[in-house]
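# Coordinates in review
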Amino acid sequence: MTDLWSLPDFDGHEAVTHVSDPASGLRAIIAMHSTHLGPAAGGTRFWHYAKGEDALNDALRLSRGMSYKNAMAGLPLGGGKAVILADDKRTKTPAMIAAFGRAVDMLGGRYVTAEDVGINVADMQTVRRETRHVAGLPVEAGAVGGDPGPHTSLGVFLGIKAAVRRALGKDSLSGLHLAIQGAGSVASGVARRAAAEGARLTIADVDQAKAAQLASEVGGSVGDPATILSLEADVISPNALGAILNEESIAALRAPIVAGGANNQLARSEHGAALMQRGILYAPDYVINAGGIINVSTEYLQDGDADVVRSRIEGIPDRLEAIWSESAASGRDPATVSDAMARKLIGRG
């Protein structure tokens, strides 16, 4: 059996906690990559994994991404992530979520959780009854907090516009073709904003009914999930799960820009260079999709209002531009440049 320290995605993680609660059926992993800048913050993912090692690798990769994301967003937070291992029926009960909340509380504030794939605001309310180390809770209209998805989608939309300005010299998405992978909360927000600006949209999701509903709402068309990345477009926007940019998919790309909200889009670190070699502008995922954690941070730390949240999210294009400028000057790909910047910020440069 391979030990934790030998796994390819282990990166000096400060702590990895395996959680089991037989009474509720909970099995979970909480990974804390870095607390150099503050408590390890990152959402909880509820997902069915083929095997436990897949869940562990996901937690390791996602928590490292959160360290980088929070650092690059200028937040006083470290990076962490939790995954709850769902059964093949995706059985989720209040007792299971409550047990997870108790596990978070046992960490004494070293880890702060919020929503991620498969987890909703109601689940976070259940967690909150067990621990105060949680964000993404329901709030009144206009207040800071709640579902981080809309804030993530705003940042992704602004990041796409920044990429279009740099790669295509255009200030508007009007008339451009965006191929959007995913039809969830973030993808939907990006699609609505892009459609309002006059973009032409193709939307693909493994849940074809969801893709069709979103496409109908925004006047777009439905694409094939198996071929959405190879569609001829101005922007490919991955907004589902990660590790979708590999040798095969990069070779098949027919768009000058890849910019979306999915985490860990590069299957391996060298794939950032592969994109650059093809002349494709890549927006590092943990920079462009930081809007949600910016909202979560502001809620948890109580250091601003809704206007502050929006102002911080509006800084995402400037951070992307700094990365792209350094990439152009140094010859290193944007993903490598961004990783180096982030590692310096968390004391690992």
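A short tour of the structure in this document, coming up.

Calculation criteria
- Residues numbered from 1 in each chain as written.
- Predicted model: local features only at pLDDT ≥ 70, side-chain atom pairs only at ≥ 80, totals over all residues.
- Heavy atoms only, no water.
- Helix = DSSP H or I, 4+ residues; strand = E, 2+ residues; numbered from the N terminus.
- Rg over C-alpha atoms; globule rule 2.2 N^0.38 Å.
- Buried < 20%, exposed > 50% of the residue type's maximum accessible area, 1.4 Å probe, protein only.
- 1 Å grid on protein atoms, 1.4 Å probe; cavity = no way out; pocket = protein on both sides within 12 Å on 5 of 7 lines; lining within 4 Å.
- Points joined across faces, edges and corners; volume = space filled by probe spheres on them.
- Nonpolar A, V, L, I, M, F, W, Y, C, P; charged D, E, K, R; others polar.
- Phe/Tyr/Trp six-rings, centres within 6.5 Å; stacked < 30°, edge-to-face > 60°.
- Lys NZ or Arg CZ within 6 Å of the ring centre and 35° of its normal.
- Salt bridge = Lys/Arg side-chain N within 4 Å of Asp/Glu carboxyl O.
- Pairing = 2+ DSSP bridges.
- Right-handed = clockwise from strand over helix to strand, strands pointing away.
- Lys, Arg positive; Asp, Glu negative; His and termini not counted.
- Contact = heavy atoms within 4.5 Å.
- Axes fitted to C-alpha atoms, helices over the stretch in contact; angles between N-to-C directions.
- Left-handed = near helix turned anticlockwise from the far one by under 90°.
- Core = buried A, V, L, I, M, F, W, Y, C linked by side-chain atoms within 4.5 Å.

## Describing the overall build of the protein
Counting its secondary structure elements, the protein contains 13 helices and 12 strands. Against the compact-globule benchmark of 20 Å for 349 residues, the protein has a radius of gyration of 19 Å, which places it among compact chains. On the principal axes, the C-alpha backbone points of the protein span a range of 55 × 45 × 45 Å. The 349 residues of the protein split such that 55% are buried.

## Things to note about unusual backbone geometry
The phi dihedral of Ala243 is positive, around 55°, even though this residue is not glycine. In this structure, Ala243 sits in the loop between strand E10 (235-238) and helix H7 (247-252). Looking at Ala243, the relative accessible area reads 36%, which means it is partly exposed. We note that Gln302 has phi near 55°; this positive angle belongs to a residue other than glycine. Tracing the sequence through the fold places Gln302 in the loop between helix H10 (291-301) and helix H11 (306-313).

## A closer look at the layout of surface pockets
Considering only enclosed or pocket space, the largest pocket measures out at about 1300 Å³ in volume. Along the walls of the largest pocket sit 46 residues, with Asp116, Val117, Gly118, Asn239 and Ala240 positioned nearest its centre. Secondary structure elements with two or more residues in the lining of the largest pocket: strand E4 (44-47), helix H1 (52-72), helix H4 (149-168), helix H5 (185-196) and H10. Within the lining of the largest pocket, the residues separate by chemical class into 20 nonpolar, 16 polar and 10 charged. In this model, the second largest pocket occupies a volume close to 460 Å³. Of all the secondary structure elements, the ones that give two or more residues to the lining of the second largest pocket are H1, helix H9 (285-288) and helix H13 (334-345).

## Observations concerning the packing of aromatic side chains
The final tally for this structure, using the stated rule, is one aromatic pair. The ring of Trp47 carries Arg90 above its face, with NZ or CZ at 5.8 Å from the centroid. Its end group placed over the ring of Phe46, Lys92 keeps NZ or CZ at 5.4 Å from the ring centre.

## Considerations on the pattern of salt bridges
Tallying each qualifying case throughout the model produces 19 salt bridges. For Asp58, the salt bridge identified is with Arg45, shortest N-O distance 3.6 Å. In this pair, Asp58 is assigned in helix H1 and Arg45 in strand E4, connecting sequence segments 13 residues apart. For Arg45, a relative accessible area of 6% puts it in the buried group. Residues Glu314 and Arg310 are paired through a salt bridge, measuring 3.0 Å at the closest nitrogen-oxygen approach. Using a relative accessible area of 39% as the deciding quantity, one classes Glu314 as partly exposed. Look at Arg310 and you get partly exposed, because its relative accessible area is 41%. It is possible to trace a salt-bridge network through shared partners that takes in Arg45, Asp58, Lys81 and Asp116.

## Focus on the pairing of strand E7 (residues 177-181)
With five of five residues buried, E7 lies mostly within the body of the structure. Burial of E7 is two-sided: the residues His177, Ala179 and Gln181 facing one way and the residues Leu178 and Ile180 facing the other way are all buried. Pairing geometry for E7 and strand E8 (residues 200-204), over five bridges, is parallel. If you follow His177 over to E8, its bridge partner there is Arg200. Handedness of the crossover joining E7 and E8 through H5: right-handed.

## Focus on the side chain of Asp333
Among the structural elements, Asp333 can be located in the loop between helix H12 (316-330) and H13. One buried charged residue, Asp333, forms no salt bridge at all, with the nearest opposite charge on Arg332 at 7.7 Å. If we skip the residues at most four places from it in the chain, Asp333 touches Gly272, Ala273, Met276 and Ser327.

## Considerations on the packing of H10 against H11
Running from N to C, H10 and H11 cross one another at 145°; their axes reach a closest spacing of 9 Å. By crossing handedness, the relation of H10 to H11 is classed as right-handed. Together, Gly291, Ile294, Asn295 and Thr298 of H10 and Val309, Arg312 and Ile313 of H11 make up the contact between the two elements.

## Observations concerning the nonpolar core
Soluble globular proteins tend to pack their nonpolar side chains together in the buried interior. Core analysis: the biggest nonpolar cluster contains 58 residues, and Ile160, Leu173, Leu178, Ile180, Leu201 and Ile203 have the highest contact counts within it. The biggest single contributor to this core is H4, with eight residues. The contacts of Ile203, once residues within four sequence positions are left out, are Ile180, Gly182, Ala183, Ala191, Ala211, Leu214, Ala215, Val218, Ser221, Val222 and Gly223. If you look at the next biggest cluster of nonpolar residues, it comprises 24 residues, including Ala15, Ala82, Ala99 and Val134.

Purely spatial values, then, with no claim about function.
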